[in-house]
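In case you want the letters, here they are:
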Amino acid sequence: MPDAAAEHTADAPPEHVDVLIVGAGLSGIGAACHLRRRTPGKSFAILEGRESIGGTWDLFRYPGVRSDSDMFTLGYSFRPWSGDKAIVDGPDIRAYIQDTARAYGIDRSIRFGHRVRHAEWSSDDARWTVTAERTDTGEQVTLTCAFLLTCSGYYRYDEGYTPEFPGIDAFEGQVVHPQHWPEDLDCTGKRVVVIGSGATAMTLVPALARQAEHVTMVQRSPSYVLALPSRDVLAKPLRRLLPKKTAGDAMRWKNALLAVASFRFSRRAPKAMRGILQKAAARRLPRGYDVKTHFGPAYDPWDQRLCIVPDGDLFREIKRGRATVATDHIATFTPSGLRLASGTDIPADVVVTATGLNLLALGGMTLTVDGRAVDLAKTVAYKGMMVSDVPNFAMVIGYTNASWTLKADLVAQYVCRLLTHMDTHGYAMCTPQPPGTDDGLRPLIDLRSGYVLRSLDALPKQGPTAPWRLYQSYPRDVRMLRRGPLEDQGMRFTRAASPPRHMGRDDTAA
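In this text, all values refer to a predicted model and were calculated from it rather than measured experimentally.

Peer 1: Can you lay out the overall build of the protein for me, pointing to particular residues and giving the numbers?
Peer 2: What the protein contains, in helices and strands, is 13 helices and 25 strands. Its C-alpha atoms give the protein principal-axis dimensions of about 75 × 50 × 50 Å. Considering only contacts within the protein whose residues lie at least 6 apart along the sequence, 72% involve residues at least 24 apart. For the protein, the centre of its 64 positive side-chain charges and the centre of its 55 negative side-chain charges are spaced 10 Å apart.

Right, dumping it as structure tokens:
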């Protein structure tokens, strides 16, 4: 197989592939499928730190885990989602990713239990030397590649974020983080407190309310919550009228454009959008409910991601009295629950700390270019997917205001275009260039969520204008990444001065 790389051993040189993908989640599997479809002569391998396909959708196993984007945009462009539901449960997303990997033969190219630690670029050889650690034995594995594509997301898989809570050691119940949900945890008939106000909390509360005695969501500050139908009424009619791929493209564009329109309206008329969201929530909540306190954030819509609740399930459980929202600061844990700053005691048998994620750029791997350590915080992103002065390297970071996969698909397609362009013109290196000035640099991720603000200093910056600016716009990115020029002011292409030195077997023949 052209994409079956062998590991480096003491008596053999490192194996070489054209493209090395880091991560076998939604992005990594999609990238490999694009490579196989668009650049069939390229060899590739996938290194995955865990033992299974799926990434986020295999890691998170808490009750009710689901997408916060519709599957018509979260699914792959080349393999449209064919299920009935638009807002889909985690196990169904995991199965979709696994089925896609099998359908395209990608599963045979994955090396599980290989956590990438370091990648070193040599301009003399025009290739990366990548060091991974096997999680089962601890031994180091080395491969080389001409292009490195990281699809590892931007948060830590081994550790969620939990703030320091006073008195937590005195609590006699069970404390769990959603990122590490115990398989044997049964909340039937128990009093459950969910701490948090993000998408995870909004998912957990209605799921737990169907089995627990009562669920209380304790939030320091509220989030905007939008109820959407779990099924899209246009999906079935379009599938009956159009070929499968055409229907999938139509649904994808329809939902992508709706997301863009919502985001732009929120930015241009935040007060009006705030009113729309709060009135929509009020219609689903009990008469006289204090919507402003519990669902009226101080920030503008889309300063943080909107929380989607399919069919208004969170509002429904509040209306039925099986769930309660408490907006207050936690003064301390007590042996039997929590005490809020107002003095209110909330009894609990189980406390779930849905308090966020820890960001981790590039899955924790470090980069070196010609002996110089790369400080990501001092780089500038190019087209939202490459970084200045780092050759033959790309990363996948999805949209903050739309489906992750919309951007991941475009990045993978762009990489395929880039590789073909380099082959056609005899280029060995493509190196993004920073803008001519540091004026106007801003954070890469334009959100005010706590998990983002805690770690912005570790991420690249974005520039004031294209191709260094992230506009968070799918239509704009389609023009730039799928159809735009590959040679521009932000990219330097270099031909090899001489053929790269042989560093191991090169499996490029099909």
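Peer 1: Describe in detail helix 7 (residues 244-268), supporting the description with residues and values.
Peer 2: Given 3.6 residues per turn, any residue in an α-helix points the same way as the ones three and four places further on. The terminal C-alpha atoms of helix 7, which comprises 25 residues, lie 36 Å apart, in line with the 36 Å expected from a rise of 1.5 Å per residue. All of the buried residues along helix 7 are A247, G248, M251, R252, N255, A256, V260, F263 and S266. Where helix 7 is buried, its residues touch helix 3 (71-74), helix 6 (235-241), helix 8 (270-284), helix 11 (404-425) and helix 13 (474-483).

Peer 1: Tell me about unusual backbone geometry, residues and numbers included.
Peer 2: P467 follows A466 through a cis peptide bond whose omega is 10°. Tracing the backbone through its elements, the reader meets P467 in the loop between strand 24 (461-462) and helix 13. A positive phi angle, near 75°, is found at W302, a position not held by glycine. Here W302 shows up in the loop between helix 9 (291-295) and strand 11 (307-310). Overall, the relative accessible area of 8% leaves W302 in the buried class. The phi dihedral of Q472 falls on the positive side, at around 50°, and the residue is not glycine. You can call Q472 buried: its relative accessible area is 12%.

Peer 1: So, the pattern of salt bridges: which residues are in play, and what are the values?
Peer 2: Under the criterion given, the structure shown has 21 salt bridges. For the salt bridge of R320 with E317, the shortest nitrogen-to-oxygen distance reads 3.7 Å. With a gap of three residues between them, R320 and E317 both fall in helix 10 (residues 313-320), about one helical turn apart. Judged by relative accessible area, R320 falls into the exposed class, the value being 51%. A relative accessible area of 1% places E317 in the buried class. Of the charged contacts in the structure, one is a salt bridge between R322 and E317, with a shortest N-O distance of 2.8 Å. Taken together, the salt bridges that share partners define one network made up of R50, D58 and R61.

Peer 1: Any chance you could break down the sheet that holds strand 16 (residues 350-353) for me, citing the residues and the numbers?
Peer 2: Taking strand neighbours across the sheet as the criterion, the five strands line up as 7-16-8-9-12 in an open arrangement whose pairing is parallel. Looking along the sheet, the strands with just one partner apiece sit at the ends: strand 7 (174-176) and strand 12 (323-327). Neighbour to neighbour, the strand axes of the sheet diverge by 20° on average, direction disregarded. Pairing between strand 8 (residues 191-195) and strand 9 (residues 214-219): five bridges, direction parallel. Directly across from V192, in strand 9, lies its bridge partner V215. Against the sheet, helix 5 (residues 199-209) contacts strand 8, strand 9, strand 12 and strand 16, and its axis sits at roughly 165° relative to strand 9.

Peer 1: How would you summarise the packing of aromatic side chains if you had to cite specific residues and measurements?
Peer 2: Two numbers describe a pair of aromatic rings. These are the distance of the centres and the angle of the planes. Scanning the entire structure with this criterion turns up 15 aromatic pairs. Here Y224 and Y299 contribute two aromatic rings whose centre-to-centre distance is 5.5 Å and whose plane-to-plane angle is 85°, an arrangement assigned as edge-to-face. Here Y299 lies in the loop between helix 9 and strand 11 and Y224 lies in the loop between strand 9 and strand 10 (225-228), a separation of 75 residues in the sequence. Both residues of the pair, Y224 and Y299, count as buried. Arranged with centres 6.2 Å apart and planes meeting at 40°, the rings of Y289 and F295 form a pair that is tilted. Note on F295: relative accessible area 3%, which makes it buried. Site record: aromatic cluster; members linked through ring pairs are Y76, F78, W81, Y96 and Y104.

Peer 1: Outline the layout of surface pockets, listing residues and values.
Peer 2: Its boundaries defined by the atoms lining it, the second largest pocket holds a volume of some 640 Å³. Lining the second largest pocket are 27 residues, with D70, L228, N255, L258 and A259 sitting closest to its centre. Those elements that place two or more of their residues in the lining of the second largest pocket are strand 10 and helix 7. It is helix 7 that contributes the most residues to the lining of the second largest pocket, seven residues altogether. For the lining of the second largest pocket, a count of residues per class yields 15 nonpolar, six polar and six charged.

The rules we used
- Residues numbered from 1 in each chain as written.
- Predicted model: local features only at pLDDT ≥ 70, side-chain atom pairs only at ≥ 80, totals over all residues.
- Heavy atoms only, no water.
- Helix = DSSP H or I, 4+ residues; strand = E, 2+ residues; numbered from the N terminus.
- Contact = heavy atoms within 4.5 Å.
- Lys, Arg positive; Asp, Glu negative; His and termini not counted.
- Charge placed at Lys NZ, Arg CZ, Asp CG, Glu CD.
- Expected span 1.5 Å × (residues − 1).
- Buried < 20%, exposed > 50% of the residue type's maximum accessible area, 1.4 Å probe, protein only.
- Salt bridge = Lys/Arg side-chain N within 4 Å of Asp/Glu carboxyl O.
- Pairing = 2+ DSSP bridges.
- Axes fitted to C-alpha atoms, helices over the stretch in contact; angles between N-to-C directions.
- Phe/Tyr/Trp six-rings, centres within 6.5 Å; stacked < 30°, edge-to-face > 60°.
- 1 Å grid on protein atoms, 1.4 Å probe; cavity = no way out; pocket = protein on both sides within 12 Å on 5 of 7 lines; lining within 4 Å.
- Points joined across faces, edges and corners; volume = space filled by probe spheres on them.
- Nonpolar A, V, L, I, M, F, W, Y, C, P; charged D, E, K, R; others polar.

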